[in-house]
Amino acid sequence: MEEINEKGKEIIDKENIQEIVEETIQHLNNPVNDLKPIVKRYLSVVAKVQTEGNKFYFSDGEAKVEIRVVSDEIIRVRLAPHGVFLADFSYAVPVVDQKVTAFQLEEKEDHYAVSTPVITCKIRKIDFCISFVENLSQQVMSEDAEPMHWEENVDFGGYYVFATKKCMPEENFFGLGDKSGNLNLRGRRFQNWNTDAYSFGWNQDPLYRTIPFYTGLHQQAAYGIFFDNTFRSYFDFGKEDYNKTSFWSDGGELQYYYIHGPHVMDVVKRYQSVTGTHPMPPKWALGFHQCRWSYYPEKKVKEIAEGFRSRNIPCDAIYLDIDYMDGYRCFTWNKTHFPDPKKMIKELLDIGMKTVVMIDPGIKVDDDYWVFKEGKENNFFCRRSDDYYMEGHVWPGRCQFPDFTNPKVREWWGGLYKELVEMGVAGVWNDMNEPAVFGSGTFPNDVRHNFDGFRGSHRKAHNVYGTQMMRSTYDGLKKLMRNKRPFTITRAGYAGMQRYGSVWTGDNVATWEHLKMGNIQCQRMAMSGVPFCGTDIGGFSGEPDGELFTRWIQLGTFAPFMRAHSAGDTAEREPWSFGEPFTSINRKFIELRYRLLPYLYSVFWEHHRYGFPILRPMVMLEQEEMSNNYREDEFGYGDKILVCPILEQGAISRMVYLPKGQWYNFWTHELLDGGSEQHIEASIETMPLFVKAGAVIPEYPVMQYVGEKTLDEVMLNVYFADYEVKSFFFEDHGDTFAYEQDIYSEKKFIVKGDTKTLLIEQTTEGLYTVTYELYNFNIIGIPFNVKRITADDQEIKEFYVDKGGDLHFKSSKNFNVIKIFTS
Ligand code: GLC
């Protein structure tokens, strides 16, 4: 029974009085809210409706809700408790409105309906509960269990804001960015507050990044909710109440996007359409990176770089951690260890090794240090509420911190990279940007921020601080590198961070549990719109043995970002550190990374252009299979390769689930039927790896670094299928933004086979002409005796079948149709 007071505002559910008492006690125990009675206010009866273009306003007399049609599949909801919305500004969403075919508002007996051709948002008159329904199936995708509600925040102003939705029967949840623990989030509660979480553990929360976006999946249909709120936020997926899922935050606006599927993949793609995709990275950044805290002096750095070359282990980048700096002052060099950095960087580059340097946000308080002086003179450092500077200890000692939420500060900071870029530095590693402060953890809440002119305390800016630092680095580098693609990596971030660079999962540990956790973390980041992600291969702290390191290299081969990193107090950790057989196996897998690089680069393009993630968890590949809600080891690497890492010590085989369809064992070429689990051998030399029948996988010869060799042909591995399959192959300059002017080459292959023939069709889009002339075909699994091959009706005379049954021949890169016949 609910009672509504005469203002129609306050609802007290008598049956829930115990719950309210408990909440009040909890609230009183929270020092921030010391002695404040809580009064939750709920939306009540819809009293007024107004339309303004694609925005619809519903009011109960005082509170107001905006329903905005963003696209046919996306609707945004906002709540203004006293009728006045906050400024419509978001760091995550550059442009709100997308293309909409049609929309309308209708009044029904008990609800209002805002609909597009695909979805309908229903607002129930009696209690303002909102639901989203798929038009075609009439399936209720998401439905409020209670009307949206809020609670005044007497300490800081504004409101704690809450949304509570029903957990649908058998609903499972995925995404939410940076969480450790199982991929499926059902039954757990999380908090988002970017945290320096050194040696974090299974289920530890919060971690380094905040992405308040999840995908719900029930009755085989998926939708997403993106709660675009930068304050400390919380998500409960049926933990407190099995039948409810809720999200709330300590401030800001209750503003969320409903993003329709029904495929999990559609949800993620559409989330990317809201928050953006990753720009194309420099191609070399997809190679192997070697890092350590820290390689110094210069002699050591060169020794490591040469160590790769002398052992023929490919590597594209070497990292300089904080010790390259003078007393940890950013943008300076320790001249004792690095007397001539420009020369060193050039020498490294001469052997194909790019230099990536670390930059932290903490600037040493030192009047003789130019960066500090400039920041101080221009008032660029963060201040406390009473105007004192925000000071805290980090690596250099007492530091002040730039306010990256100020566009002028971002511009300044971006320009500070000038000298590093002139020296030839190829990439920047942004660390400690949660922001991390020794002792206190982070800034106090009262620190003030510009927030791009919209002002706010650290409560509001904390979770975006890291992304804004990376943004300023990315934009600065882009300008200074004269439009070459910058490479940046960050530890902290907020939704939309993918527009500015890559990410690693932070300070992990050299354990088998972390190997498993890292695999899940990268998949979860992929489902949360962040494609370019990797873990510290080998574990940051602790000591892996050769087996663990090799298994991590194997998994890392299929992480979009592949970097080995370790803490300074651990034993040396390069791919050759564990002796044989590990060195050879590590080399074999790093070589595989380079062989498959044109495939990864193409998959990256599919991400950039179309919003597909690079890693695809099983639930994304086959959501109709209920067991895939719980699978988290196997994953898709693009849409053509399936990877199943070995995550247990001593394992030499494992069960692997293959999605429906046909798959080739990458190593043996054995053709397997999907739709069931298979027992797969996987001694330490190998790892279960499968290619989808019908795939065309481009392959490069092994190179020691990207671009080492000029190609005169490219190998195309074609995996026979007796159905039609489409594949992409993307190429371009590899390091400029010319692709934005259509200077790229996007090839589409269609493979169609039957018992007597195999057809391979090619179409090309884009203005880039590749420099090689030939394709070297390697056709796998052809089920008939090959008698004749034609390319655009011209006979290809030279071909042969090797002992393993693979067919080999060459053709011009410009073919339209290749036909392979048995007679
Ligand atoms: C942080 C980083 C780590 C780095 C270290 C020293 O712990 O997460 O990767 O090596 O700082 O800069």
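Each remark here, short or long, concerns the structure printed above.
Attention here is on the structure that accompanies the text. Every value quoted in this text rests on a predicted model; they were computed, and no experiment measured them. (Residues numbered from 1 in each chain as written. Predicted model: local features only at pLDDT ≥ 70, side-chain atom pairs only at ≥ 80, totals over all residues. Heavy atoms only, no water.)

On to the pattern of salt bridges. This structure, assessed with the given rule, holds 60 salt bridges. We note a salt bridge from K343 to E347, for which the minimum N-O separation is 3.5 Å. Within this pair, K343 and its partner E347 are both found in helix 4 (residues 341-350), separated by four residues, close to a single helical turn. Linking R491 and E434 is a salt bridge whose minimum nitrogen-to-oxygen distance equals 2.8 Å. Placement of R491 in the loop between strand 31 (487-490) and strand 32 (493-494) and of E434 in the loop between strand 28 (427-430) and strand 29 (448-449) is noted, with a sequence separation of 57 residues between them. With relative accessibility at 1%, the residue E434 sits in the buried group. A cluster of three or more residues bridged by salt bridges with shared partners is formed by E66, R68, R76, R78, D88, D97 and E253. (Salt bridge = Lys/Arg side-chain N within 4 Å of Asp/Glu carboxyl O. Helix = DSSP H or I, 4+ residues; strand = E, 2+ residues; numbered from the N terminus. Buried < 20%, exposed > 50% of the residue type's maximum accessible area, 1.4 Å probe, protein only.)

Attention shifts here to unusual backbone geometry. A cis amide bond, omega 0 degrees, links D205 with the succeeding residue P206. Mapped onto the fold, P206 is located in the loop between strand 15 (189-192) and strand 16 (209-210). Put simply, Y296 and P297 share a cis peptide bond, and its omega is -5 degrees. Turning to its location among the elements, P297 is positioned in the loop between strand 22 (288-290) and helix 3 (298-310). Of note in this structure, E170 is not a glycine but carries a positive phi near 55 degrees.

This part covers the pairing of strand 31. Residue alternation in strand 31 divides its side chains into two sets, F487 and I489 and T488 and T490, and both sets are buried. Bridge count for strand 31 against strand 33 (residues 502-504) is two bridges, and the pairing is parallel. Looking at the pairing, I489 lines up with S502 of strand 33. (Pairing = 2+ DSSP bridges.)

Our focus in this paragraph is the side chain of N776. With respect to the secondary-structure elements, N776 resides in strand 50 (residues 774-780). With sequence-adjacent residues up to four places away left out, N776 is seen in contact with E713, V714, M715, L716, F809 and K810. (Contact = heavy atoms within 4.5 Å.)

A separate point is the site of the ligand. Close contacts around the ligand come from W293, D321, I322, M358, W395, W429, D431, R491, W504, D507, F540 and H565, and that covers them all. D321 is positioned with one of its side-chain polar atoms (N or O) 2.5 Å from an oxygen atom of the ligand. Taking D507, its side chain carries an N or O atom lying 2.6 Å from an oxygen atom of the ligand. Surface burial for the ligand is 97%, taken as the share of its 300 Å² of free accessible area covered by protein chains. Classifying every residue of the shell around the ligand gives seven nonpolar, one polar and four charged. (Near = heavy atom within 4 Å. Polar contact = N/O pair within 3.5 Å; in protein donor to acceptor, adjacent residues only side chain to side chain. Areas by Shrake-Rupley, 256 points an atom, 1.4 Å probe, with all protein chains shown as cover. Nonpolar A, V, L, I, M, F, W, Y, C, P; charged D, E, K, R; others polar.)

Further remarks concern the state of the cysteines. Taken as a whole, this structure holds zero disulfides when the rule is applied. Unpaired in terms of disulfides, C167 finds its nearest cysteine sulfur in C129, a separation of 15 Å. When its relative accessible area of 10% is taken as the criterion, C167 is described as buried. With no disulfide of its own, C291 has C315 as its nearest cysteine by sulfur position, at a separation of 10 Å. (Disulfide = S-S within 2.5 Å.)

Pairing is mixed in the open sheet, where five strands are placed in the order 45-46-50-54-53. Both edges of this open sheet fall to strand 45 (696-699) and strand 53 (799-801), since each of them pairs with a single strand only. Between one strand and the next, the sheet's axes are offset by a mean angle of 25 degrees, whatever the strand orientation. In this sheet, strand 46 (residues 713-719) lies alongside strand 45 in antiparallel orientation, the contact comprising four bridges. Its bridge partner lying in strand 46, E699 is registered against M715. (Axes fitted to C-alpha atoms, helices over the stretch in contact; angles between N-to-C directions.)

Before going further, it helps to examine helix 9 (residues 512-527). An α-helical turn contains 3.6 residues, so any two residues separated by three or four positions project in the same direction. Helix length check: helix 9, at 16 residues, gives a terminal C-alpha distance of 23 Å against a target of 22 Å (1.5 Å per residue), a fit within 8%. Counting buried residues along helix 9, 14 of its 16 residues qualify, which places the element largely inside the surrounding structure. Phi turns positive one or two residues past the end of helix 9, at G529, with a value near 85 degrees. (Expected span 1.5 Å × (residues − 1).)

Quick look at the packing of helix 9 against helix 10 (residues 546-557) now. The interhelical angle for the contact between helix 9 and helix 10, taken along N-to-C directions, is 5 degrees, at an axis separation of 10 Å. Considering their axes alone, helix 9 and helix 10 lie roughly parallel with respect to each other. Within the contact between the two elements, helix 9 uses W512, H514, L515 and N519 and helix 10 uses E547, L548, R551, W552 and L555. Split into classes, the residues belonging to the contact of helix 9 with helix 10 amount to five nonpolar, two polar and two charged. (Parallel < 35°, antiparallel > 145°, perpendicular 65-115°, else oblique.)

Time to look at the sheet that holds strand 25 (residues 363-364). Spatial ordering of the open sheet is given by 25-27-26, a layout of three strands whose pairing is antiparallel. Since the sheet does not close on itself, it has two edges, and those belong to strand 25 and strand 26 (391-394), each with one partner. Across two bridges, the pairing between strand 25 and strand 27 (residues 397-400) is antiparallel. Within the sheet, the bridge partner assigned to I363 lies in strand 27 and is Q400.

Tracing the backbone through its elements, the reader meets G276 in the loop between helix 2 (264-275) and strand 22. Taking C-alpha positions, G276 is 18 Å from Y465, a pair spaced 189 residues apart along the chain. Ignoring sequence-local partners within four residues, the contact set of G276 consists of Q498 and R499.

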